[in-house]
Amino acid sequence: MKRSLKLKFTLLLAVSIVSILLLSGCGQSYKATIRVYNWGDYIDKSIITDFEKEYNIKVIYTTFTTNEDMYVSLKSGGSTYDVVFPSEYMVKRMINEDMLHKINLDNIPNYKYIDDKFKNLPADPNNEYSVPYFWGTLGIVYNKTMVDDPVDSWEILWNEKYAKQILMVDSQRDSIGLTLQMLGYSMNTRNLDELEEAKQKLIEQKPLVLAYVGDEVKDKMVGGEAALAVVWSGEAVAMKWENPDLEYVIPKEGGNLWFDCAVIPKVSKNKEEAELFINYLCDPEIAYRNTDYIGYSTPNIETMKMLDEELLNDIAAYPSDEDIANAEVFDDVSDALEIYDRIWTEIKAK
Amino acid sequence: MKKGWIAYPYVVWLVIFIFVPLLLIVFYSVTKTTDEGIVFTLEYFKRFFEPIYIMVLLRSLYLALISTIICLLLGYPLAMILASKEFRHKRVLLLLVVIPMWMNFLLRTYAWLTLLEKNGVINTFISFIGLPKMELLYNQGAVVLGMVYNFLPFMVLPIYSVLIKIDKSIIEAAEDLGANSRTVFRKVIFPLSLPGVVSGITMVYMPAVTTFVISRLLGGGQFTLIGNLIEQQFLYTGEWGFGSALSLLMMILILFSMAIMSKYEKESEGGGLF
């Protein structure tokens, strides 16, 4: 009895293994496979399918929610990725820690379509490691029917008139950063006194804040649940489509300018295929489809020519050089991250 | 006939998915990567004892306690109704308790967002009958409501399964001996249902202490619980060491409270979870 059961079990196992092998052999055979690691909902998926068909390269697509999340899974090893999309300060950190391959721009002819103002960024001064993917700003979105003061400064977020009508962004660097900027300091400070001052300011603000939110901010603002909210520009564009009462401003203190870039991590063994993929994304037509789907701002000049006049004039989507003249770009402050985290916990736990 | 080999897959499973991760958590919580390599450290545990983190812990325990008490007060009578012979629509009611659990937990919590918000369903109704709108969302009450709503079935079901197994002749005997219904409940039914109550409390209290989604969504990120703190360490700051230390302390705390609970549970049989 025992023996026959064991035999049956082994047989079953064998059959299933063989069938799995057979099945996987049945599918289309690709000449290579690349692993792409991107933010959630940050690509038009049909582009991936088209790429697979055109180049006969299979794409395994996975997503992450924060830069740190992505950084940790790359750093801890175990997972290999060929194309990753970190933000500028994370690009810098990864360059500093020797985690990235140099990209051979000869393999990315479409790089010429990237606007010159997005080249030679402080994070990657010689364009050796990264190709800009999307960009945007951090600012305030407000409901015109609920706010009658002029909105042009971060200070409005401390106006008691709008108590319990303010939504802050649940992100350490952004919330602390904008407060630092309002106080006249750099968003990238490591100075403890300055950080302490920002902390006090945020604790002072807490009774006025309705909530510290993530993705829900869109629903809340569209539904008129709050008067003011700190948001990323791409979200603002989408919100304005759904509720015309909403308006987006980049505060006069400067706001924050961010870039998400495509990079190739050192763990990648398919560098050429990865470059092929990045080049594909920079193709004006493809970038247009992607921009149209995601709603964030493209750094691709040719793609911009295909966009609606209305969208191009929208300060949320494509601010002029003047609008972003004072905007600050995040720098890597990894050595002070623990302090940021402590401050943020103190504010939220109060 | 021995069939020990049947257990092997489970043993392998246990080792890979429970034992090894647990070891990793312990490892991360007491080590630190420096330039000289990995060194032993207790700084993460020390950090936890700063007032700010103790406050977060106390808040988690307090909110979970409130929710558990409310769940017990609401759940016990419901379990009694479900277990009673006279009640006809028992099956329907039981189904109503269970059906929400078929839906995704996150989705149900999101639904409360739209119910409670300023222009939400409840406030629209309130203002329709001429009362002023209320601030329902983003406060401590909303967090407790979310916990009670999500975890109530875990209180009802264990109590129900114990109540239904109580020998009816014992109750009849008590009645024959002249006990009124209150005495029957106090002296017979309640003591017999205690194992169910204990496992109900454990099943509600544990997820309530460690939740992070409810406090973030319904509390608007203003009520940091220990779960949020752990999430923050892993996803945003990348401080695996501190996050692991927090998780470890949380586990010890739960183990401790379960040990106390099981003392009450030991003598009686059935209905227990552990």
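For clarity, every value in this text was computed on a predicted model and none was experimentally measured.

A word on the interface of chain A and chain B. Contact residues are listed per partner, giving 32 residues for chain A and 36 residues for chain B. Across the chain A/chain B interface, buried area totals approximately 3,000 Å², and carbon plus sulfur atoms make up 54% of it. For the pair chain A and chain B, the number of links is 4 salt bridges. E50 of chain B is the partner of R342 of chain A in a salt bridge, and the nearest nitrogen-oxygen pair spans 2.5 Å. Joining chain A to chain B, the criterion identifies 15 residue pairs in polar contact (both at pLDDT 80 or more). At the level of secondary structure, the elements contributing two or more residues to the side of chain A that touches chain B comprise α1 (2–26), α3 (67–75), β6 (209–213) and α13 (337–349) of chain A. For the side of chain A that touches chain B, the element with the highest residue contribution is α13 of chain A, accounting for 9 residues. For the side of chain A that touches chain B, the class distribution of residues is 11 nonpolar, 6 polar and 15 charged.

Here we come to the domain arrangement of chain A. Residue and element names in this part refer to chain A. Each domain of chain A was delimited in the assignment, giving domain 1 (32–135 + 258–312) and domain 2 (136–257 + 325–349). Distance from the C-alpha centre of domain 1 to the C-alpha centre of domain 2: 27 Å. Taken together, the 11 residues of domain 1 in the interface contact 18 residues of domain 2. With both sides pooled, the region where domain 1 packs onto domain 2 buries about 1,300 Å², and carbon together with sulfur makes up 61% of that total. Our enumeration of links across domain 1 and domain 2 arrives at 1 salt bridge. A salt bridge links K92 to D331; its shortest N-O distance comes to 3.1 Å.

What follows deals with unusual backbone geometry. Phi at D41 of chain A takes a positive value of approximately 50 degrees, unusual for a residue other than glycine. Structurally, the position occupied by D41 of chain A is in the loop between β1 (32–39) and α2 (45–55).

We now examine the pattern of salt bridges. All names here are of chain A. For the structure on display, the rule yields 29 salt bridges over all chains. A salt bridge links K161 to D149, with the shortest nitrogen-to-oxygen separation between them at 2.8 Å. Highlighted residues: K161 in the loop between β4 (130–143) and β5 (166–169) and D149 in the loop between β4 and β5, separated in sequence by 12 residues. We classify D149 as partly exposed; its relative accessible area is 26%. Here R190 ties to D335 by a salt bridge, and the two come within 3.1 Å at their closest N and O atoms. With R190 in the loop between α5 (172–182) and α6 (192–205) and D335 in the loop between β10 (328–329) and α13, this pair connects stretches of sequence that are 145 residues apart.

Parameters and conventions
- Residues numbered from 1 in each chain as written.
- Chains lettered and ligands numbered in written order.
- Predicted model: local features only at pLDDT ≥ 70, side-chain atom pairs only at ≥ 80, totals over all residues.
- Heavy atoms only, no water.
- Contact = heavy atoms within 4.5 Å.
- Buried area = accessible area lost by both parts, 1.4 Å probe.
- Salt bridge = Lys/Arg side-chain N within 4 Å of Asp/Glu carboxyl O.
- Polar contact = N/O pair within 3.5 Å; in protein donor to acceptor, adjacent residues only side chain to side chain.
- Helix = DSSP H or I, 4+ residues; strand = E, 2+ residues; numbered from the N terminus.
- Nonpolar A, V, L, I, M, F, W, Y, C, P; charged D, E, K, R; others polar.
- Domains from an automatic or database assignment.
- Buried < 20%, exposed > 50% of the residue type's maximum accessible area, 1.4 Å probe, protein only.

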